[in-house]
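# Report on the structure
Below, each chain spelled out in residue letters.
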Amino acid sequence: MNFELFKNDGQDPLQQLRIGPGALCLNEFLILDDAAIISAVQQVTAISPFRHLITPGGKKMSVAMSNCGSLGWVSDRAGYRYQAQDPLTNRAWPVMPALLLRLAQKAALQAGYENFQPNVCLINRYETGARMGLHQDRDERNLTAPIVSFSLGLPATFIWGGLERTGKTRRFVLKHGDVVVWGGPDRLRFHGVAPLKSGHHELTGACRINITFRQTGT
Ligand code: MD3
Ligand code: FE
């Protein structure tokens, strides 16, 4: 990640950057496990394939999604929600691969969150031009738990706003191997992702993969 206001000067041996009171970026945290993470994603999406969900407003999302864990995030004309069944297969979502759970918990711990037990793992695939408009993540019942996000493949410009939609935004780049842990007062910030620029990454090809780990009730 490259956050222009807080450039990492390389002096922090943990390569971590505080971007807000409750948000910490762990640069290249995933580098040693990147290939294993991508193969875990492929195992999940062989069972629950990537698909473009429909928003409640009837638009097809440009980001393709899948989930693993006991609940998955879905959207359709009826709204956004977490559910135990994949609507595409009518079966349970695949089990969260142990490697993904372990790395998400390790990152949360490093950011100071001791008992992170994510039951949702949302996997987003961005192809060229795919974007995510400014939104808040508030479908989770437990807003005290952080969200942990993994970025893999092509870089993306992340847009970080305030607690109101109209607030000032900042932009920074999320790169391959970066993890961001968002909690506390930063948990309800508006955020989005600018349209993905075309490119090639040796592990993911023309895509960016973002994985978010969440803890929620039903
Ligand atoms: C800041 N995904 O899936 S991850 C999402 O890169 C989502 O695919 C983006 O926003 C992506 O909902 C951003 C980073 C992230 C996730 C959750 C947050 C940042 C957040 C919740 C609160 C504040
Ligand atoms: Fe989000």
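Before reading on, note that the structure itself is shown above.
Residues numbered from 1 in each chain as written. Chains lettered and ligands numbered in written order. Predicted model: local features only at pLDDT ≥ 70, side-chain atom pairs only at ≥ 80, totals over all residues. Heavy atoms only, no water.

### Here's the deal with the nonpolar core
The condition is simple: To define a nonpolar core, start from buried Ala, Val, Leu, Ile, Met, Phe, Trp, Tyr and Cys residues and group those joined through side-chain atoms within 4.5 Å. Classification of residues uses two cut-offs on accessible area relative to the type maximum, computed with a 1.4 Å probe and protein chains only: under 20% is buried, over 50% is exposed, and between them is partly exposed. Secondary structure elements follow DSSP: runs of H or I no shorter than four residues count as helices, runs of E no shorter than two count as strands, and numbering proceeds from the N terminus. Any two residues having at least one pair of non-hydrogen atoms within 4.5 Å are treated as being in contact.
Within the largest apolar cluster, 30 residues are counted, with the highest numbers of intra-cluster contacts made by V148, F150, V179, I211 and F213. For this core, the secondary structure elements donating two or more residues are β2 (23-26), α1 (34-47), α2 (98-110), β8 (120-126), β10 (147-153), β13 (179-182) and β15 (208-214). The leading source of residues in this core is α2, at six residues. Those residues in contact with V179 that lie beyond four places of it in its chain are L24, C25, L26, F29, L30, A107, V148, S149 and F150. Counting 27 residues, the second-largest nonpolar core is a separate cluster that includes L122, M132, W160 and F172.

### Some points on the sheet that holds strand β11 (residues 156-160)
Note the cut-off: When DSSP finds two or more bridges between two strands, those strands count as paired. Orientation is described by axes fitted as lines to C-alpha atoms, over the contacting stretch for helices, and by angles from 0 to 180 degrees between their N-to-C directions.
Strand order in this open sheet of four strands is β9-β14-β11-β12, and the pairing throughout is antiparallel. The sheet is open, and its two edges are formed by β9 (132-135) and β12 (170-174), each paired on a single side. Here the average twist between neighbouring strands, direction ignored, is 20 degrees.

### Side note on the coordination of the iron ion (ligand 2)
Formally: A donor here means an N, O or S atom no more than 2.8 Å from the metal, or no more than 3.2 Å when the metal is Na, K or Ca. Since water is not included, a site may seem to lack partners.
Summarising the metal site, the iron ion (ligand 2) is bound by the protein donors H135 (NE2), D137 (OD), D137 (OD) and H191 (NE2), whose distances to it range over 2.0 to 2.7 Å. Summarised as a motif, the one-chain spacing of the donors to the iron ion (ligand 2) is H-x1-D-x53-H. With H135 in strand β9 and H191 in strand β14 (residues 191-193), this pair connects stretches of sequence that are 56 residues apart.

### Quick word on unusual backbone geometry
Despite not being glycine, E28 has its phi angle at roughly 60 degrees, a positive value. Looking at the element boundaries, E28 is found in the loop between β2 and α1. Since its relative accessible area comes to 48%, E28 is described here as partly exposed. Residues other than glycine seldom take positive phi values, yet N90 does so here, at roughly 55 degrees. Mapped onto the elements, N90 comes out in the loop between β6 (85-86) and β7 (91-92).

### What to know about the environment of S151
Note the threshold: Whenever two N or O atoms come within 3.5 Å, that pair is a polar contact, provided that in protein one can donate a hydrogen and the other can accept it, and provided that, for residues adjacent in sequence, both atoms are side-chain atoms.
As for its placement among the helices and strands, S151 is situated in strand β10. When its relative accessible area of 1% is taken as the criterion, S151 is described as buried. The sequence separation of S151 and S75 amounts to 76 residues, and the corresponding C-alpha distance is 22 Å. With sequence-adjacent residues up to four places away left out, S151 is seen in contact with L30, L174, K175, H176, G177, D178, R208, I209 and N210. Among the polar contacts listed, one links the side chain of S151 to the side chain of R208, at a separation of 2.8 Å.

Function cannot be read off these values alone, since they describe shape.
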